[in-house]
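The residues making up each chain are set out below.
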Amino acid sequence: MKSFGFALLSVALLTPVVSAAPVVPGFANKHPLTEPQVGQLLIGELRCTACHTSTTAPLERAAPDLADVGGRVAPEYLRKFLTSPSAAHAGATMPDLLAAEPADQRDKIAEALTHFLVAQAKGKFEHQPAGADEAAAGKALFHSIGCVTCHAPRGDDGKEIPRDGAVGLGHVPAKYSPGALSDFLFQPTRVRPSGRMPDMKLTPAEAKAVAGYLLGTSDAKGEALQPQEKLVALGREHFQRLNCAACHKLGDAPASKPVGTLEGADVMKGCLSDRPGKTPRFNLDASQRKAIRAALAKKPEPLTDKEKLAVTLVAFNCLGCHKRDDAGGVLEGTNEFFKSSEKELGDEGRIPPPLTLVGAKLQKVALKKVLFDGDGVRPYMSTRMPQYGEPNLRHLPDLFTTLDASGVKPVTFALPKSEGRTQQERDREKEMRAAGRELVGDQGLNCIACHSFNGKTPGKAGIELLTSTERVQPAWFYHFLRAPNAFRPRTVMPTAWPDGQAVQKKILGGDTDRQIEAIWYYLSLGTSAQDPAGVRAADTLLSVTDTTRTYRGRSSVAGYRGIAVGFPEKLNYAFNAETGTLSALWKGDFIRVNRGGQGSGGFNPAVKSVQLAQDVSFYALADEKTAWPLRPVVTKEAPANPDPLYPKNRGYQFKGYFMDDASVPTFMYLSGDVAIEDRSAAQTADKKLRLVRTLSFDAPKAQTLWFRALTGKVESESKQQFKTPELRLSIPQVPTALRPTAADPKASELLLKFEIPKGKSTQTLTYELLP
Amino acid sequence: MNSFRNALARFVFLLAVCALHPAPARAEDVGGRWGTEEREREFYPVVPVPIPKGMVIESGAYCLLPDGRMAVGTRHGEIYILSGIDEKKPDPKYHLYATGLDEIFGLDYRDGAFYVTQSCELTRVTDTKKDGKANRFETISDAWGYANYHEYAFGSKFDKDGNLHVALGLSNSYDSYALFRGFAMKVTPDGKTKALASGLRSPGGIGHNEHGALFYIESQGPWNCSCSLKAITPGSFMGHPASFNWYKYAPEMGPVPTAPKSGTRIVTEKERVKQLTPYAVVFPYVRMGRSITGFVVDGTKGKFGPFEDQMFLGDYTQSLVMRATTEKVNGVWQGACYPFREGLSTGILNVAFTKEGNLLCGGTNRGWPVRGIKPFALERIDWSGKMPFEIKRVTIEPTGFKVAFTKPVDTATGSDPKSYRLGTFTHPYHGGYGGPEIEKTTPVVESVKLAADGLSATIVLDKLIQGHVYEFDLGALRSRDKDELLHRNAYYTLNEVPKAK
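Residues numbered from 1 in each chain as written. Chains lettered and ligands numbered in written order. Predicted model: local features only at pLDDT ≥ 70, side-chain atom pairs only at ≥ 80, totals over all residues.

Trainee: What is the right way to read the overall build of chain A from this model?
Mentor: Helix and strand counts for chain A come out as 22 helices and 22 strands. The C-alpha atoms of chain A give 38 Å as radius of gyration, which overshoots the globular expectation for 771 residues (28 Å, by more than 25%). With the C-alpha coordinates aligned to their principal axes, the bounding extent of chain A is approximately 115 × 75 × 45 Å. When the 771 residues of chain A are sorted by exposure, 47% land in the buried category. (Helix = DSSP H or I, 4+ residues; strand = E, 2+ residues; numbered from the N terminus. Rg over C-alpha atoms; globule rule 2.2 N^0.38 Å. Buried ≥ 20, exposed ≤ 12 C-beta atoms within 10 Å, placed from the backbone.)

Here it is in structure tokens:
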């Protein structure tokens, strides 16, 4: 492995001495920049080139968008900040532009500028009281998602624990209202395009919580500022005169002409003078001045790729979390704030991965997804990969790939082709697929003990294995598997091929290269890779809590057009909507649903159920001798439906259902011209749980409809009470017929004869499950 | 040819750890990649639409509501209504409107009611209490059998006359065991259901093109060597004869068609089987999707870029979106398909345009091979505003093709016949599962006329072969601003040749 060691500069050299000096968090870490490079970075961060021409403009930090600053920042803060940026916000990179003005004028100029800025804003700043409602959640987020890499962590008293290189946030309560701050935190790059304050992928609710925490409780003090025309005009003049537009685009205000080139400038004068005069004052400390002078002393040359990368990693403080070669990495003081929901994964689970050789590790498209699209594969890691905005880092993926490409030795995998294979190739493909699966599974190398597989997590929820071939370059995968420790010292990832020798001797003859190739191939099958041993998908249990639940899907107990209804009383039934039949009852948990694999969401009762017949329930029998119209029989041998219009040709048509206020469904269907509403509900009486079924009829004329109420081993207990071994049914006072079924003479069917009057009528049945 | 190049890339995975071209990672079941994802993102970035923790959204159908919110029907049988989906950094609110339905693959909204195509039926879903929760589920049509694994139902949007259309998959790849499986049905505003077409195998979506003509997307399998768009007209037969047994229940379909012969060509067989409708657009298998699903027409008036009035189609297996254009020649629909955007996170089941003209895509990845590894996802494809250099549209001419571009083509490459590399093939029409590309030819480009504005080129070929798919590889073209084509390929299915004017 080739080393990419940077020339390291001691941290001490650049530790700011005066805290009011502009803060660049990336300098606080062990970084790879030489002193002139530090100077160059500062030139970009402080935007020296906004006023000076320069032939070598490094990364230039875009200034905040001031279009709506008067709407999102408190006017009194604006005034204070403009009077003296570093007094309002220690460490601000904005220079003091009024320092050279007569003391009695400064406040007035700041006032006029404030009026001008407020007048430009579309929105109006509203003072709101800060509630600190979600402060606890905000505190937890602030101290876990990565904020403390650049900002100081806070003690229990809410006070910042000062740290060199940390951007202080003490000014925030004076600056923002809760709404304005959470808007900013939700999308910081919208108003600060530089990306130095990155998007931390906060949801609006999270942004609100963090804002609540940072603001603490405060009254909504401060008054709305009504911009006065005179002051606005005066502010506009100052805005021009002070050349604010050089950094901040605002409307069509033009920037002044450049004030001379940086190269060859007198580095002891102007902004760099120890005793600055009329120039903007940056409050540079001695080391910063020295670094900029060193940069300017050098003959200007374009940065090499390596230098450009180094400058980028420091400017965006990537090195605050990531190590690359010997530079960067989590600081001792912030280490405790890097957390994981998978503690067993050790530091791999909580510390962002090293960037050493990352250009050889990740496919470029994967790099871009992480950098620009917010993609991530480590859901267990509490620290989030910030989003700096694509325009700021567009150059980074290319730099990584160019610099790292030769870092790992190329590898050739001979993967089976996808089509037109010969028999030999087919055999080889099968062998590779099986070997890969065995190696990944719990009978092989048990990768799934720590990694998720296709969304399933039998052990720890480490990186989803199926992302591997999408993200990682094959050569890196090969070398990493052979020797994880060479890439990540002390990693919890074991090697299955110590010294290149396979531990699993039986698979693929113990051939290391073929085993790794087989794992790659198997993982490249993606979701079509059959689950390895040790991974199982369970059906989803649906439960009923406080309201009745209705669920539609195919079911062995209710047909393809099945509907399950569960009551909070833990009584459930299934309705076959194809035939209009209550077809199963059960007590206890509701249903299990098959939503894995190709499962279409079909359901089964969560516990054993009592199965009833599924043929049509209502029929206008000619007389009580006529056989009941049964469902057509479809078998494996004769799978085509021989009577495809059943039960529509028996007068049945399902019409749907509606819910009442308790979410109890009433099914609607027709039997001939009789409209039937069919509602069942759980009822407890005499300590017995029953299902009470109300059938409401609406008939255009009086007629007879037979109802098949029960089948099986039906016994009569009384004229209005019948039972099977599993169920007791109470029926209304109507004529009945209990007769052997056509299919099985040992079984009987209970038919009820409903004389349905013209207009509306109802009948009630009660089902009771027997113990 | 490009196909050869791809095949080679798939053949042996030669891994030069090359800085600029990381070798394609997946070769196998889901097919090779186009390899264009990295460039596509500059023009059409994919924006993830976050789904709250603990919520599963396996979306199968979308419907943009009049107020700009987006309704999402899921395989779990829920309807969610999402607001704020178009925000730059979306964090939509998910309102659960309805539950308990059975795999939603069709969703439209009219006069305060949702019309839901679920596996078991077409249902009108309403909220009569006006509390934001559906409480009434009325059966509009269940005039088809539903009794076997694989019997999916896909629903269209309303057509201009208020009809809805339902495409019904077979009972498995080969058979139709339950009533009307393998049929497309029309449900009229008065609730009557009529059979419209037979011969479907396993539809993935149904809808209209920009002229209001009805199409469905068919999956590769028996009688279908590739996925394809097919035009549905009353009484037509889509090629898979398993559904012939239900004609007796559908007198409106007329007599049972002559049984097609396996091992023929559709171009000749359609002369014998008069109801047989040829594929309007063939999507060469693997290169252009493996299981294409829902589609939508770009009616965003330019908000989504230069592809107004074109179809956008999702693919489940390859987690990507393609384009298609159609034209009617001598009364027969035909057209072309084009790569558009790959690299989505899950298997795409459907697509829809949002109010702001972004393309919402989503689905799930379970059950079948899928490239995107997220078990479910919602993503938005936005147009960045940058104009990609693309083949905009290929149309037929009496002696060749007209190829339109999104940016002017430079004269040097655009006027050179060598820049237009074409190949053709056809598929056997047979009952076997899938099938090869056969009878390949290499047409001779006799002349090219690049339009003065550089935005189109008319090419004259030595001959035009009906029943062939014309495969364009225009990788040699450069735009006037020296851009390479974002996607170099297009595939035109030639059924009919227009007469010279």
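Trainee: Can you walk me through the overall build of chain B in this structure?
Mentor: When helices and strands are tallied, chain B shows four helices and 33 strands. On C-alpha atoms alone, chain B measures out to a radius of gyration of 22 Å, which is about the 23 Å that the 2.2 N^0.38 rule sets for 501 residues. The C-alpha extent of chain B, read off along each of the three principal axes, is 65 × 55 × 45 Å. Counting only residues that meet the buried cut, chain B has 58% of its 501 residues in that class.

Trainee: Can you help me understand the sheet that holds strand E32 (residues 468-473) of chain B in this one?
Mentor: The pairing of strands in a sheet happens through backbone hydrogen bonds and is either parallel or antiparallel. Residue and element names in this part refer to chain B. Spatially, eight strands are ordered E19-E20-E21-E22-E33-E32-E28-E29 in an open sheet, and the strand pairing comes out antiparallel. Every other strand in the sheet has two partners, leaving strand E19 (292-297) and strand E29 (438-441) as the edge strands with one partner each. Each adjacent strand pair in this sheet contributes to an overall mean axis angle of 25 degrees, direction not counted. Two elements, strand E28 (residues 421-426) and E29, share two bridges in a ladder whose sense is antiparallel. When the bridges of E29 are listed, Thr424 appears paired with Thr441. (Pairing = 2+ DSSP bridges. Axes fitted to C-alpha atoms, helices over the stretch in contact; angles between N-to-C directions.)

Trainee: Explanation requested: the confidence of the model for chain A in the structure shown.
Mentor: Detailed reading of the predicted coordinates is not advisable wherever pLDDT falls low. Scored by pLDDT, chain A comes out at a mean of 91, with 96% of its residues at no less than 70. Long-range and interchain partners of residues 1-18 of chain A, a stretch whose pLDDT sits below 50, account for 38 contacts in this model, where long-range means more than four residues apart. (pLDDT = per-residue confidence, 0-100. Contact = placed C-beta atoms within 7 Å.)

Trainee: Can you walk me through the nonpolar core in this structure?
Mentor: It is characteristic of soluble globular proteins that their nonpolar side chains tend to be buried jointly. Judged by nonpolar contacts, the single largest core of 199 residues is most densely connected at Val166, Ala184, Met185, Val321, Met322 and Val351 of chain B. Excluding anything up to four places from it in sequence, Val166 of chain B contacts Gly106, Thr117, Leu122, Ala153, Phe154, Gly155, Ala184, Met185 and Val187 of chain B. Ranked by size, the runner-up nonpolar core spans 89 residues in total, among them Ala21, Tyr388, Met432 and Leu523 of chain A. (Core = buried A, V, L, I, M, F, W, Y, C linked by C-beta atoms within 7 Å.)

Trainee: Please explain the domain arrangement of chain A as it appears in this structure.
Mentor: Accessible area lost upon the coming together of the parts serves often as the stated size of an interface. Domain boundaries in chain A define domain 1 (12-62 + 254-315), domain 2 (69-246), domain 3 (338-537) and domain 4 (541-769). Computed over C-alpha atoms only, the centres of domain 2 of chain A and domain 4 of chain A are separated by 67 Å. (Domains from an automatic or database assignment.)

Trainee: Mind showing me how you'd approach the pairing of strand E15 (residues 214-218) of chain B here?
Mentor: Both faces of the sheet carry side chains from a regular strand, because those side chains alternate between them. Residues and elements named next belong to chain B. Extensive coverage of E15 is indicated by the burial of five of its five residues. What you see with E15 is no split at all: Leu214, Tyr216 and Glu218 on one side and Phe215 and Ile217 on the other are buried throughout. The sheet contact formed by strand E14 (residues 203-208) and E15 spans five bridges and is antiparallel. Paired with Gly207 across the bridge in E15 is Phe215. Between E14 and E15, which pair antiparallel and follow one another directly, the connecting turn spans five residues, one of which, Gly212, has a positive phi of 85 degrees. Bridging between E15 and strand E16 (residues 227-231) involves four bridges; their strand directions are antiparallel. Within the sheet, the bridge partner assigned to Tyr216 lies in E16 and is Lys230.

Trainee: Looking at this structure, I do not really get the domain arrangement of chain B. What am I missing?
Mentor: Residues and elements named next belong to chain B. Here chain B is described as being made up of domain 1 (44-381) and domain 2 (391-494). Relative placement of domain 1 and domain 2: their C-alpha centres are 29 Å apart. If you look at the interface, domain 1 gives 32 residues, while domain 2 gives 28 residues. The set of elements that each furnish at least two residues to the side of domain 1 that touches domain 2 consists of helix H3 (266-272), strand E18 (281-283), strand E21 (320-329) and strand E22 (332-341).

Trainee: Please explain helix H12 (residues 286-297) of chain A as it appears in this structure.
Mentor: Since the α-helix turns once every 3.6 residues, residues separated by three or four places project in the same direction. All names here are of chain A. In a regular helix each residue adds 1.5 Å, so 12 residues correspond to 16 Å; H12 covers 16 Å between its end C-alpha atoms and thus fits that length. Along H12, the residues classified as buried are Gln288, Arg289, Ala291, Ile292, Ala295 and Leu296. Seen from one end, H12 has its buried residues packed into an arc of 165 degrees, which puts them on one side. Of the exposed residues in H12, the ones pointing more than 90 degrees away from its buried face are Ala286 and Ala297. (Expected span 1.5 Å × (residues − 1). Arc of directions from axis to C-beta.)

Trainee: What's the story with unusual backbone geometry in this structure? I'm lost.
Mentor: Excluding glycine, residues mostly have negative phi values, and the peptide bonds linking residues are mostly trans. The step from Tyr646 of chain A to Pro647 of chain A runs through a cis peptide bond, and the omega angle for that step is 0 degrees. Along the polypeptide, Pro647 of chain A turns up in the loop between strand E11 (618-619) and strand E12 (652-659). For Asn283 of chain A, which is not a glycine, the phi torsion comes out positive at approximately 55 degrees. Note on placement: Asn283 of chain A falls in the loop between helix H11 (229-241) and H12. We classify Asn283 of chain A as buried; it has 23 C-beta atoms within 10 Å. Of note, Val286 of chain B is a non-glycine position whose phi angle comes to about 80 degrees, a positive value. When you line up the elements, Val286 of chain B lands in the loop between E18 and E19.

Trainee: How should I be thinking about the interface of chain B and chain A in this particular structure?
Mentor: Facing 58 residues of chain B, the contacting portion of chain A comprises 60 residues. For the side of chain B that touches chain A, the secondary structure elements donating two or more residues are helix H1 (2-11), helix H2 (37-43), strand E1 (46-48) and strand E9 (136-141) of chain B. Here the element with the most residues in the side of chain B that touches chain A is E9 of chain B; it accounts for four residues. Looking at the side of chain B that touches chain A, its residues break down into 28 nonpolar, 13 polar and 17 charged. With three bridges connecting them, E12 of chain A and E9 of chain B associate as antiparallel partners. By the bridge assignment for E9 of chain B, Gly656 of chain A is matched with Glu138 of chain B. (Nonpolar A, V, L, I, M, F, W, Y, C, P; charged D, E, K, R; others polar.)

Trainee: Explain the packing of helix H15 (residues 364-372) of chain A against helix H17 (residues 396-404) of chain A to me, please; I cannot follow it from the model alone.
Mentor: Relative orientation and spacing of two packed helices are given, respectively, by the angle between their axes and the distance between those axes. Residue and element names in this part refer to chain A. One way to put it is that H15 packs onto H17 with a least axis distance of 10 Å and a crossing angle of 140 degrees. Classified by chirality, the crossing of H17 by H15 is right-handed. Contacts between H15 and H17 involve Lys364, Leu367, Lys368 and Leu371 on the former and, on the latter, Leu396, Pro397, Phe400 and Thr401. For the contact of H15 with H17, a count of residues per class yields five nonpolar, one polar and two charged. (Left-handed = near helix turned anticlockwise from the far one by under 90°.)

Trainee: It is not clear to me how helix H8 (residues 178-186) of chain A should be interpreted in this structure. Could you clarify?
Mentor: Residues and elements named next belong to chain A. For H8, the buried fraction is high: eight of the nine residues fall into the buried class. Those residues of H8 that sit buried are Pro178, Ala180, Leu181, Ser182, Asp183, Phe184, Leu185 and Phe186. Where H8 is buried, its residues contact helix H2 (69-72), helix H7 (172-175), helix H9 (188-191) and helix H10 (204-215).

Trainee: What is the right way to read the sheet that holds strand E7 (residues 581-587) of chain A from this model?
Mentor: Residues and elements named next belong to chain A. What the five strands build is an open sheet, ordered E4-E5-E6-E7-E10; its pairing is antiparallel. The sheet is open, and its two edges are formed by strand E4 (549-552) and strand E10 (610-611), each paired on a single side. Looking at chain direction, strand E6 (residues 571-576) and E7 are connected through six bridges and run antiparallel. Paired with Asn572 across the bridge in E7 is Trp586.

Trainee: Help me out: how do you make sense of the confidence of the model for chain B in this one?
Mentor: Per-residue confidence for chain B averages 93 on the pLDDT scale, and 94% of its residues sit at or above 70. The low-confidence segment residues 1-28 of chain B (pLDDT under 50) makes 64 contacts with residues lying over four places distant or belonging to another chain.

Trainee: How do you make sense of the packing of helix H6 (residues 135-142) of chain A against H10 of chain A when you look at a structure like this?
Mentor: Residues and elements named next belong to chain A. It is at 7 Å that the axes of H6 and H10 come closest, and there the two elements cross at 95 degrees. The angle between H6 and H10 falls in the class roughly perpendicular. Contacts from Ala135, Ala137, Gly138, Lys139, Leu141 and Phe142 in H6 reach Glu206, Ala209, Val210, Gly212 and Tyr213 in H10. When its residues are assigned to classes, the contact of H6 with H10 shows seven nonpolar, two polar and two charged. (Parallel < 35°, antiparallel > 145°, perpendicular 65-115°, else oblique.)

Trainee: I would appreciate a short explanation of the environment of Pro568 of chain A in the present structure.
Mentor: Within the fold, Pro568 of chain A resides in the loop between strand E5 (562-566) and E6. Spatially, the C-alpha atoms of Pro568 of chain A and Phe590 of chain A are 9.5 Å apart, while their sequence positions differ by 22 residues.

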